[in-house]
Amino acid sequence: MPLVTANGLQFEVERHEAIGPVKGWPILLIMGLGMQLTAWPPAFIDGLRKLGHPVITFDNRDIGLSTKRREWGKPNLLAASLLYTMGLKPPAPYTLDDLCADTAALLDALALPRVHVVGVSMGGMIGQLLTARHPERVASFTCVMSTSGARSLPGPKFEARRALMSRPADPGDVEAVIDHYPPLFGVLAGPGYPTPPHEARERIARGVRRSHHPLGSLRQLVGIVASGDRSRLLKTIKVPTIIVHGSADPLVPVAAAHDLAAKIPGAELRIIDGMGHDLPPGALPLLIDAVAANLKHR
């Protein structure tokens, strides 16, 4: 569909119609840090469509084919990290609050009064805010490999942090950029659910050739750091919620899932043994089953 204008920005949106009779509200998928709508595995989207629900995917601001603005600048990640460790809020071009406002405005622009929300990683953080602040718009919330942002939680493992900070040998060469990412995502993957190398590379290549905007990823990361702890807000969520997390997640350790389950009233917790911080083929049936359980709530 054409770019959709919402919250003063333009968003690339794809709508995937339900397979068979429509049984309920659409499912809105919110992707994570630096990831485009192409990062959603087609098998996952099709599995949800077979449940009788249209599926909506989109590029968050500053990523993919959605709006990128020069005036958002280049934030200093080191300075932001130091301020965060000192208990101070670092400056950021935008925060998760802005990404939540984008998503709510996008629902308005698409004339969607209510949706089932599935958020992954940073998308889970946006989903937390959307569900807490706009409960009338959310029929259910499935929060995958995400966190409350509480400072007491363990951070990424060293190897995951190092992989995220690495850069391609030649950032200006498309093939060098594509070569860079499979080892990085390999570090984030869990031992129980490997992704076939050819499949991982094909998905990476498709995304890089569509749009490669590392500055947007940096700005999103600083926006997460500047957004702080959502623990108090999480206690206000009344929407049916299922939390899904991999036991072997090296980027957002599984303690974050237990923390979310303790803070969101009535939330169901599902731990996938051996899954890391990715959406591997072998785990997709378990993820689809979690969303399906939430679709009971009309």
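Please read these numbers as outputs of a predicted model, since none were measured by experiment.

Undergrad: Would you take a moment to explain the sheet that holds strand 9 (residues 268-272) for this structure?
TA: What links the strands of a sheet is backbone hydrogen bonding, and the strands pair in either a parallel or an antiparallel sense. In space, the seven strands of this open sheet follow the order 3-5-4-6-7-8-9, with mixed pairing throughout. If you trace the sheet from one side to the other, it starts and ends with strand 3 (13-16) and strand 9, each paired once. Direction aside, neighbouring strands of the sheet carry axes that sit 20° apart on average. For strand 7 (residues 138-144) and strand 8 (residues 241-246), the ladder comprises four bridges, and the chain directions are parallel. When the sheet's bridge partners are listed, Thr-142 is paired in strand 8 with Ile-242. Helix 4 (residues 122-133) rests against strand 4 (27-30), strand 6 (115-120) and strand 7 of the sheet, and its axis sits at about 150° to strand 7.

Undergrad: Quick question: what am I supposed to make of the nonpolar core here?
TA: One recurring pattern in soluble globular proteins: nonpolar side chains tend to sit buried together. Counting residues in each nonpolar core, the largest one holds 40 residues, and the members touching the most others are Val-13, Leu-96 and Leu-106. Broken down by element, this core gets its largest block of residues, seven residues, from helix 3 (residues 96-109). What Leu-96 contacts, discounting residues up to four positions off in sequence, is Met-122, Met-125, Ile-126, Leu-129, Gly-223, Ile-224, Ser-227 and Arg-230. With 27 residues, the next largest nonpolar core counts Ile-27, Val-244, Ala-293 and Leu-295 among its residues.

Undergrad: It is not clear to me how the environment of Asp-259 should be interpreted in this structure. Could you clarify?
TA: Position of Asp-259 relative to the elements: it lies in helix 10 (residues 255-263). Sequence separation of Asp-259 and Ala-150 is 109 residues, and the distance between their C-alpha atoms is 8.7 Å. With residues up to four places along the chain from it excluded, the contact list for Asp-259 reads Ser-148, Ala-150 and Leu-153.

Undergrad: I would appreciate a short explanation of unusual backbone geometry in the present structure.
TA: A negative phi angle is the norm for most residues apart from glycine, just as the trans form is the norm for most peptide bonds. Residues other than glycine seldom take positive phi values, yet Asp-62 does so here, at roughly 75°. Tracing the sequence through the fold places Asp-62 in the loop between strand 5 (55-58) and helix 2 (77-85). Notably, Met-145 is not glycine yet its phi reads approximately 40°, a positive angle. Turning to its location among the elements, Met-145 is positioned in the loop between strand 7 and helix 5 (158-165). Exposure remark for Met-145: the relative accessible area of 3% places this residue in the buried category.

Undergrad: Help me out: how do you make sense of the packing of aromatic side chains in this one?
TA: Working definition: an aromatic ring pair is given by the centre-to-centre distance plus the angle between the planes. Throughout the structure, instances matching the rule amount to three aromatic pairs. Residues Trp-72 and Tyr-94 carry aromatic rings whose centres are separated by 5.2 Å and whose planes lie at 75° to one another, so their mutual orientation is edge-to-face. Of this pair, Trp-72 sits in the loop between strand 5 and helix 2 while Tyr-94 sits in the loop between helix 2 and helix 3, and the two are 22 residues apart along the sequence. Exposure remark for Trp-72: the relative accessible area of 13% places this residue in the buried category. On the accessibility criterion, Tyr-94 (1% relative accessible area) is buried. For Arg-61, the ring lying beneath its charged end belongs to Tyr-94, and the centroid distance is 5.0 Å.

Undergrad: How should the pattern of salt bridges be read in this particular structure?
TA: It is possible for side chains of opposite charge to pair when their charged atoms get near one another. Applying the stated rule across the entire model yields 14 salt bridges. Between Arg-201 and Glu-175 there is a salt bridge; the shortest N-O distance is 3.8 Å. One end of the pair, Arg-201, is in helix 7 (residues 197-210); the other, Glu-175, is in helix 6 (residues 174-188), and 26 residues separate them in sequence. With relative accessibility at 32%, the residue Arg-201 sits in the partly exposed group. With relative accessibility at 36%, the residue Glu-175 sits in the partly exposed group.

Undergrad: What exactly am I supposed to notice about the pairing of strand 9 here?
TA: Consecutive side chains along a regular strand alternate between the two faces of the sheet. Relative to strand 9, strand 8 runs parallel, the two sharing five bridges. Across the sheet, the residue bridging to Ile-242 is Glu-268, located in strand 9. Of the crossover connections in this fold, the one passing from strand 8 over helix 10 to the parallel strand 9 is right-handed.

Undergrad: Teacher, can you tell me more about the pairing of strand 7 here?
TA: Along strand 7, seven of the seven residues are buried, which leaves the element largely enclosed by surrounding structure. Pairing between strand 6 and strand 7: six bridges, direction parallel. Bridging from a neighbouring strand, Gly-119 pairs with Cys-143 of strand 7. Tracing the backbone out of strand 6, into helix 4 and back to the parallel element strand 7 gives a crossover that is right-handed.

Undergrad: What's the story with the environment of Gly-24 in this structure? I'm lost.
TA: Here Gly-24 shows up in the loop between strand 3 and strand 4. Residues Gly-24 and Leu-3 lie 21 residues apart in sequence; the distance between their C-alpha atoms is 25 Å.

Calculation criteria
- Residues numbered from 1 in each chain as written.
- Predicted model: local features only at pLDDT ≥ 70, side-chain atom pairs only at ≥ 80, totals over all residues.
- Heavy atoms only, no water.
- Pairing = 2+ DSSP bridges.
- Helix = DSSP H or I, 4+ residues; strand = E, 2+ residues; numbered from the N terminus.
- Axes fitted to C-alpha atoms, helices over the stretch in contact; angles between N-to-C directions.
- Contact = heavy atoms within 4.5 Å.
- Core = buried A, V, L, I, M, F, W, Y, C linked by side-chain atoms within 4.5 Å.
- Buried < 20%, exposed > 50% of the residue type's maximum accessible area, 1.4 Å probe, protein only.
- Phe/Tyr/Trp six-rings, centres within 6.5 Å; stacked < 30°, edge-to-face > 60°.
- Lys NZ or Arg CZ within 6 Å of the ring centre and 35° of its normal.
- Salt bridge = Lys/Arg side-chain N within 4 Å of Asp/Glu carboxyl O.
- Right-handed = clockwise from strand over helix to strand, strands pointing away.

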